[in-house]
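# An overview of the molecular structure
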Amino acid sequence: MTFITYEHEVNMPYVTISATEGLSAEQKKQLLERSSDAVVQSIGAPLASVRVLLHDLPNGHYLNAGQFNTPGIMFVVDFIEGRTEEQRNALIAALSKVGLETTGIPESEVRVRLLDFPKANMGMAGGVSAKAMGR
């Protein structure tokens, strides 16, 4: 499913990925690139507005169900309010699939969290809010 965006629609998704250590350089590259592609394809964000960051979690920095050093991955997506439930569901499914396919970590250990920000609370290029920019 592809969504068309127009200049006046909301943009700017920021994806922060936290992953347990052990991924190769190629897996990290694929995770970043495919996450960006998933955002573009699932919610129609323009590629130029998508930012993706990856944080490696060293051993001892992730506790899952009382267990240290289990494999896991978390996607946190910050964006300006306004996505439909259909878009949100498509994004969650797409990122979950990317996590599995690029890292081999089972989808049962992949999480996606979406955070909406009011337009007045999101700073854009030039130091102005998204609301002030007419987003």
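Structural data are supplied above this passage.
Note that the structure is predicted; figures quoted are calculated from it, not measured.

### Regarding helix α2 (residues 85-103)
In this model α2 runs 27 Å from its N-terminal to its C-terminal C-alpha over 19 residues, within 8% of the 27 Å that 1.5 Å per residue would give. Among all positions in α2, only Gln87, Arg88, Ala90, Leu91, Leu95, Ser96, Val98, Gly99, Thr102 and Thr103 are buried. Tucked inside the fold, the buried residues of α2 contact α1 (25-43), β5 (73-80) and β6 (110-117). Gly104 occupies a position one or two residues after α2 and carries a positive phi of about 80°.

### Some words on the nonpolar core
With 25 residues, the main nonpolar core has Leu31, Val39, Ile73, Phe75, Val77, Phe79 and Leu91 as its most contacted residues. Those elements giving two or more residues to this core turn out to be β1 (14-20), α1, β5, α2 and β6. If sequence neighbours within four positions are ignored, Val77 has contacts with Pro13, Tyr14, Val15, Leu91, Leu95, Arg113, Leu114 and Leu115.

### Thoughts on the pairing of β6
As defined by bridge partners, β5 adjoins β6 across eight bridges and the pair is classed as parallel. Paired with Val77 across the two strands is Leu114, which belongs to β6. In this fold, β5 hands off to α2, which returns the chain to β6; that crossover is right-handed.

### Quick look at the packing of aromatic side chains
For the coordinates displayed, the defined rule picks out zero aromatic pairs. Lying across the ring of Phe79, Arg83 places its NZ or CZ 4.5 Å from the centre.

### Digging into the side chain of Thr103
Counting through the fold element by element, Thr103 comes out in helix α2. For Thr103, the side chain forms a polar contact with the main-chain oxygen of Gly99, separated by 2.5 Å. Excluding residues that lie within four positions of it along the chain, Thr103 makes contacts with Leu23, Gln27, Leu31, Ile73 and Val98.

### Here's the deal with unusual backbone geometry
The phi torsion of most residues other than glycine is negative, and most of the peptide bonds are trans. We note that Ala65 has phi near 55°; this positive angle belongs to a residue other than glycine. In this fold, Ala65 is placed in the loop between β3 (63-64) and β4 (67-68). In this structure, Asn69 is a non-glycine residue whose phi angle is positive, near 65°. Inspection of the secondary structure assignment puts Asn69 in the loop between β4 and β5. Of the residues examined, Asn69 reaches a relative accessible area of 44% and is grouped as partly exposed.

### Examining the sheet that holds β6
Taken together, the four strands give an open sheet; going across it, the order is β2-β1-β5-β6, and neighbouring strands pair in mixed fashion. The strands lining the two open edges of the sheet, one partner per strand, are β2 (51-57) and β6. Shown here is a sheet whose adjacent strand axes are inclined to one another by a mean of 15°, direction ignored. Looking at chain direction, β1 and β5 are connected through six bridges and run antiparallel.

Here is what the cut-offs are and how they apply
- Residues numbered from 1 in each chain as written.
- Predicted model: local features only at pLDDT ≥ 70, side-chain atom pairs only at ≥ 80, totals over all residues.
- Heavy atoms only, no water.
- Helix = DSSP H or I, 4+ residues; strand = E, 2+ residues; numbered from the N terminus.
- Expected span 1.5 Å × (residues − 1).
- Buried < 20%, exposed > 50% of the residue type's maximum accessible area, 1.4 Å probe, protein only.
- Contact = heavy atoms within 4.5 Å.
- Core = buried A, V, L, I, M, F, W, Y, C linked by side-chain atoms within 4.5 Å.
- Pairing = 2+ DSSP bridges.
- Right-handed = clockwise from strand over helix to strand, strands pointing away.
- Phe/Tyr/Trp six-rings, centres within 6.5 Å; stacked < 30°, edge-to-face > 60°.
- Lys NZ or Arg CZ within 6 Å of the ring centre and 35° of its normal.
- Polar contact = N/O pair within 3.5 Å; in protein donor to acceptor, adjacent residues only side chain to side chain.
- Axes fitted to C-alpha atoms, helices over the stretch in contact; angles between N-to-C directions.

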